[in-house]
Amino acid sequence: MKKVQVLLSAYNGEHYIAEQINSIIHQSYPHISILIRDDGSSDRTMEVIQALVKTYPERIKVIQGRNVGVVASFLELMRDSDPHADYYCFCDQDDVWLEHKVESALDRMEASIHNGSPAMVFTSVYLTDSELNRKSKWPKPPERGPSYFNALYENIAIGATITLNKSARDLFIHSKNPDSSCVLMHDWWFYLLVSAFGTVIYDHHPSMLYRQHDHNVVGGSDTLLGKLKGKWGSFRRHFGKALLQRQAQEFYRIYGSRLSDDHREQLELFIAPRRRMRDRINYIRHSKLHRQSSLENLLFKLFILIGFV
């Protein structure tokens, strides 16, 4: 039976991490191991983890690292992942997986993807409060579906739901290491990577309980006000700072020579300077890149015209 390794980055997660790990241990799919990297926690996280290691010594391994941040921590986990596993799952410390999460992801990939091709599955989630009371299903299905032309502009893959096959892992491992300061989020990087060279599958069935509390690094919302706050927060983080271009330039540095002609041309068009209005108009006319929402796509073109992107 195929082996699955879960990659969990932990940081000051003493309150919820045991519940998350137990939800992985009790998955319906049995052949699962867990690699945990502690990102320099200052609370009792390591004590909680070590107690679980004593209970499940054959299933849990731990790396005690220094604080490097969520992106670098997950990239290090992938580099340290088991080369003999067949599938790899990203995992956050404060959620709870539904019992079928791993089994469903493997069923989807094995039914539709040749093992030699990089592939990943991501899903929707049930938003919950801190006590795991379900509030809603989130997010809405992507209007235009996953694609490379979307991934350069937008991340639609919730990292904690992602399952990757070995081909996707090996594509990352056997390439130059990305500069984590240029990567917006680890899940975004792998959405971009797999969509460029393989297949990305979206499953609208929720696979986990996505706990919302005061310390979420990234959170979701099912209310209009919450969505507006999220979009405004994303705007403040990304726009006017060339962060999208920095990530795209880093992707081009590592993978540009291996892309198909069309993918490389669109990437080069995106990262080229657009100092004059004529350059921006020309870019909009020739770019195939898009966001999922029609409204956001129009706004994004406006940001390009005014020089924010």
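Here the structure is a predicted model, which is why all the values come from computation and not from measurement.

Caption draft 1: Geometry of the overall build of the chain. Within the chain, the secondary structure is distributed over 12 helices and 11 strands. Relative to its length of 309 residues, the chain is compact, with a C-alpha radius of gyration of 19 Å against a globular reference of 19 Å. Taking the principal axes of the C-alpha coordinates as reference, the chain spans close to 65 × 45 × 35 Å. Relative to its full complement of 309 residues, the chain shows a buried share of 54%. Sequence-distant contacts in the chain: of pairs separated by 6 or more residues, those separated by 24 or more amount to 81%. Approximately 14,600 Å² of the chain is accessible, and the part contributed by carbon and sulfur atoms is 52%. Between the mean site of the 39 positive side-chain charges and the mean site of the 35 negative ones, the chain shows a separation of 8 Å.

Caption draft 2: Seen up close, the environment of Asp95. Position of Asp95 relative to the elements: it lies in the loop between β4 (87-91) and β5 (96-97). As for Asp95 and Arg211, which are separated by 116 residues in sequence, their C-alpha atoms are 5.2 Å apart. With near-sequence residues (within four places) excluded, Asp95 lies in contact with Gln20, Ala160, Met208, Leu209, Tyr210 and Arg211. Here the side chain of Asp95 touches Arg211 through a polar contact of 3.1 Å, landing on its backbone nitrogen.

Caption draft 3: Quick peek at the sheet that holds strand β11 (residues 208-211). Spatially, the four strands line up as an open sheet ordered β5-β11-β7-β8, and their pairing is mixed. The outermost strands of the open sheet, each flanked by one partner alone, are β5 and β8 (134-138). Summarising the sheet, β5 and β11 pair through two bridges and their orientation is antiparallel. Paired with Trp97 across the strands is Met208, a residue of β11.

Caption draft 4: Up close: the pairing of strand β10 (residues 199-203). Burial of β10 is extensive: four of the five residues sit out of reach of the surface. Relative to β10, strand β6 (residues 119-123) runs parallel, the two sharing five bridges. Residue pairing for β10: Met120 is matched across the bridge by Val200.

Caption draft 5: A look at the nonpolar core. Residues Met120, Tyr148, Leu164, Phe190, Phe251 and Phe270 are the most contacted members of the largest nonpolar core, which totals 53 residues. The element best represented in this core is helix α7 (residues 186-197), accounting for eight residues. In this structure, Met120 is in contact with Met109, Ala157, Ile162, Thr163, Leu164, Phe190, Tyr191, Val194, Thr199, Val200 and Ile201, ignoring residues within four places of it in sequence. Listed in part, the 37 residues of the second largest apolar core include Val53, Cys91, Ala105 and Val121.

Caption draft 6: Seen up close, the pattern of salt bridges. Applying the stated rule across the entire model yields 15 salt bridges. With its nearest N and O atoms 3.1 Å apart, the salt bridge here joins Lys288 to Asp262. With Lys288 in the loop between α11 (277-286) and α12 (294-305) and Asp262 in helix α10 (residues 261-271), this pair connects stretches of sequence that are 26 residues apart. Linked by salt bridges that have partners in common, Arg37, Asp39 and Glu76 make up one network.

Caption draft 7: Just the side chain of Ser73, in detail. Its place among the elements puts Ser73 in helix α3 (residues 70-79). Of note is the side chain of Ser73, whose polar atom sits 2.7 Å from the side chain of Ser9.

Caption draft 8: Up close: the packing of aromatic side chains. Per the stated rule, a full pass over the model turns up 13 aromatic pairs. Measuring from ring centre to ring centre gives 4.1 Å for Tyr153 and Phe300, while their planes differ by 45°; the resulting arrangement is tilted. In this pair, Tyr153 sits in the loop between α5 (148-151) and β9 (163-165) while Phe300 sits in helix α12, placing the two residues 147 residues apart along the sequence. Three or more aromatic residues link up through ring pairs in this structure, and these residues are Phe74, Phe90, Phe172 and Phe190. Its guanidinium or amino end placed over the ring of Trp97, Lys101 lies 4.0 Å from that ring's centre, counting from NZ or CZ. When the ring centre of Tyr283 is taken as origin, the NZ or CZ atom of Arg274, which lies over that ring, is 4.2 Å away.

The rules behind each value
Residues numbered from 1 in each chain as written. Predicted model: local features only at pLDDT ≥ 70, side-chain atom pairs only at ≥ 80, totals over all residues. Heavy atoms only, no water. Helix = DSSP H or I, 4+ residues; strand = E, 2+ residues; numbered from the N terminus. Rg over C-alpha atoms; globule rule 2.2 N^0.38 Å. Buried < 20%, exposed > 50% of the residue type's maximum accessible area, 1.4 Å probe, protein only. Contact = heavy atoms within 4.5 Å. Areas by Shrake-Rupley, 256 points an atom, 1.4 Å probe, with all protein chains shown as cover. Lys, Arg positive; Asp, Glu negative; His and termini not counted. Charge placed at Lys NZ, Arg CZ, Asp CG, Glu CD. Polar contact = N/O pair within 3.5 Å; in protein donor to acceptor, adjacent residues only side chain to side chain. Pairing = 2+ DSSP bridges. Core = buried A, V, L, I, M, F, W, Y, C linked by side-chain atoms within 4.5 Å. Salt bridge = Lys/Arg side-chain N within 4 Å of Asp/Glu carboxyl O. Phe/Tyr/Trp six-rings, centres within 6.5 Å; stacked < 30°, edge-to-face > 60°. Lys NZ or Arg CZ within 6 Å of the ring centre and 35° of its normal.

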